[in-house]
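As a plain string of letters, each chain reads:
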Amino acid sequence: MQKSLSVYDSDGSTFAPLVVIELVSETKEEAIAWLLNRVRDKQQDGGAELLVEQLTPGAQGTEKDNPNVYVVGASWQRLLYGAEDVGLFKEFNDGSMRGFTYANKHNFKEFQGDGDGFLSMAECQYIIKHELDNLRAKDEAHVPGYPKMKLYPGKSVIRRMQSKGILVQVFPLHEKEELKRLSFSWFKKIKLSFQPLDDIRHYFGEGMALYFGFLEYFTLALIPMALIGIPYYLFDWEDYDKFTVFAGFNLVWCTVILELWKRLSASLAYGWGTLSRKKAFEEPRPGFHGVLGVNPVTGRAEPLYSNAKRQLRIYLVSVPFVLLCLYLSLYVMMIYFDMEGWALMIHDEEPTFWTGLLLFIPSIIYAVVIEIMNLIYRYAAEFLTGWENHRLESTFQNHLVLKVLVFNFFNCFASLFYIAFVMQDMVLLRQSLATLLITSQILNQIMEAFLPYWLQRRRNKKAHKRMIKTMEDKELPLSEQVKLEADMSTYLGTFDDYLELFLLFGYVSLFSCVYPLAAVLVVLNNVTEVYSDAFKMCKVFKRPFSEPAANIGVWQLAFEAMSVIAVVTNCALIGMSPKVKSYFPESETQLILWVVGFEHFLLASKFILTFVIPDVPKHIQIKLSRLEFESLEALKKRLRLKMAAHAVRSKVEENRSHLAGQLPSSKIP
């Protein structure tokens, strides 16, 4: 917890500021007073029972500073009750991971004294965010001072004010000393070692730690392929007849690493207490709208929207739009092939060093155009998915991921498929793959880390210098810290990071057999990715709220789908090998049948392997089963005690009734 900085609540209580709430500067006073009262009110009165105070401007404050900035914290007892409410898992005295309960708090391993230090700052901030999100309207018809900003019983207050633009942002504060230690062990000191995943999880949460864990695992899993690819590339530069061996290795590699990752992620999630944690009931998205009705599950009033209307929007608008974008991508691809033909013609007419360089220009231009198209399509996909009006954030994300993956896959790999299976030009395939891979990696590094950092410096250069000096050398005043962090870019989640890894996995698993150095390039990219991602999380972006996660979610399914496509692709490449074709000199149909049969055999083997390798290691399964057994036994014991107590009460009542019939009324006790 951040103890060095503290503020006083209106009742005189001292608390550590954990979360910042910023309202627009012209927010009406009655709306501010109403919101703060709701944040402070007792839970039984419908409030969040948190501590909140207005941030006082520091010595360097100006008239341009927004006065409506508030810091939020909570008492330790409130945070411990909140940990129970959100279903936080912590280590028990026997070493198992169990759901925290306030009544049983002293039986947890790290709970000492009054519990100070039991919860990490990230966990405390997550609890506060949960309580703020669950702050609901009671009988208010609208936000005070804003008659057009309608409310109804059960509506999330924070979400309504965010969607209407009154609430600018809610973000958690950094803890300077802890961030400094994490930065030093994570990216400031370049060394060959594993990432501090437990420290990352402690500071940024399980979702972020799982991403960096997967990035590290993917990089290590690529090393065997890279070690095989280097001599393969050096000794078989033009011998495409032997790429069948590398393709066969690809088939086994892409299946095994994904299955082993599921086991590793289960081990990490168990150690962090998220594997057996029950998923919380999802509330409607802030942007969800519809006719006011009653949720049959919660019984609360909330907007209802016809699923039929949503399906019509998806199939009559979204799907045709995606198909149109795929057609445009195909059209751009054909322009690229025309450019390739033009460059090749010039080189054939006058083969010089400069015309040789000209051969790479179309691929570089095409790679840049692909990145631009992916970026534009991403914004369009977000708009369309929001317009479809999905009720839950998870459903919104699933539809968005599907749209983006389909387009990115087609946009990035369509040209490679065309070169490999229509043109059947392995030299051009190798050149195009290398150019796309290298160009996309350079552009991603620039767009993800260096560009946001440069914009941050340009936007507030003096403040940035002061921040760097103060963050590293001495403590920054709270007002200055909040002001600087409020101006930092907002981290939008791991979506783009996983998407980049998905595309790199595709380049390696689909076509690296014709360009064995692809794995080497991806390893180098991932090593720099670790440092650039760590840098941007610690220096460029606001601290994101911790999000519990047991796995990488829908991305596991996306990677597994790519591995299935890789089986088909590599089998087809094997079938195109001159050496394999030589075994079927008279019948191409027989060759196709053999390739298809071999492909089906490998797919069957892949799915069998999926079932044979358990997703959760045996020792963790035993621990989870033991915990479930103990929970059932404890429940049975409580029921038996309850039944015994009921039987005793019944016996006492029976004896009293029996005595009442035998004794005078004056002597009945």
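Just so it is clear, the model here is predicted, and its values are computed rather than measured.

A. Summary view of the overall build of the chain. A tally of regular secondary structure across the chain gives 21 helices and twelve strands. Counting every position in the chain, which comprises 669 residues, the buried fraction comes to 49%. The long-range fraction of contacts in the chain, counting pairs at least 24 apart against all pairs at least 6 apart in sequence, stands at 73%. When the accessible surface of the chain is summed, it comes to about 33700 Å², and 63% of that surface belongs to carbon and sulfur atoms.

B. The confidence of the model for the chain, seen in detail. Residues at a pLDDT of 70 or more form 88% of the chain, whose mean pLDDT is 82. For residues 469-473, every residue scores under 50 in pLDDT, and the model assigns this stretch nine contacts once sequence neighbours within four places are set aside. pLDDT under 50 marks residues 665-669. Its contacts with residues more than four places away, or in other chains, come to three contacts.

C. Quick peek at the side chain of Glu340. Among the structural elements, Glu340 can be located in helix 9 (residues 307-349). No salt bridge is formed by the buried Glu340; its nearest oppositely charged neighbour, Arg430, is found at 12 Å. With residues near it in sequence (within four places) discarded, Glu340 still touches Leu359, Pro362, Ser363, Leu428 and Gln431.

D. The packing of aromatic side chains, seen in detail. Tallied over the entire structure, the rule returns 34 aromatic pairs. Summarising the aromatic geometry, the rings of Tyr203 and Phe204 are spaced 4.9 Å apart at their centres and angled 75° between planes, so their arrangement reads as edge-to-face. Judged by its relative accessible area of 2%, Phe204 is buried. Judged by centre distance (5.1 Å) and plane angle (50°), the ring pair of Phe409 and Phe413 falls under tilted. With Phe409 and Phe413 both in helix 12 (residues 393-423) and four residues apart, the pair spans about one turn of that helix. For Phe413, a relative accessible area of 0% corresponds to the buried category. The residue whose ring lies beneath Lys90 is Phe118, and the NZ or CZ to ring-centre distance is 5.0 Å. When the ring centre of Phe92 is taken as origin, the NZ or CZ atom of Arg98, which lies over that ring, is 4.4 Å away.

E. Representation of the nonpolar core within the structure. Of all hydrophobic cores here, the largest spans 112 residues; its most connected members are Trp186, Trp253 and Trp555. The dominant element in this core, judged by the number of residues it contributes, is helix 7 (residues 206-235), at 15 residues. Residue contacts for Trp555: discarding those within four places in its chain leaves Val401, Leu405, Phe495, Tyr498, Leu499 and Phe502.

Conventions adopted
Residues numbered from 1 in each chain as written. Predicted model: local features only at pLDDT ≥ 70, side-chain atom pairs only at ≥ 80, totals over all residues. Heavy atoms only, no water. Helix = DSSP H or I, 4+ residues; strand = E, 2+ residues; numbered from the N terminus. Buried < 20%, exposed > 50% of the residue type's maximum accessible area, 1.4 Å probe, protein only. Contact = heavy atoms within 4.5 Å. Areas by Shrake-Rupley, 256 points an atom, 1.4 Å probe, with all protein chains shown as cover. pLDDT = per-residue confidence, 0-100. Lys, Arg positive; Asp, Glu negative; His and termini not counted. Salt bridge = Lys/Arg side-chain N within 4 Å of Asp/Glu carboxyl O. Phe/Tyr/Trp six-rings, centres within 6.5 Å; stacked < 30°, edge-to-face > 60°. Lys NZ or Arg CZ within 6 Å of the ring centre and 35° of its normal. Core = buried A, V, L, I, M, F, W, Y, C linked by side-chain atoms within 4.5 Å.

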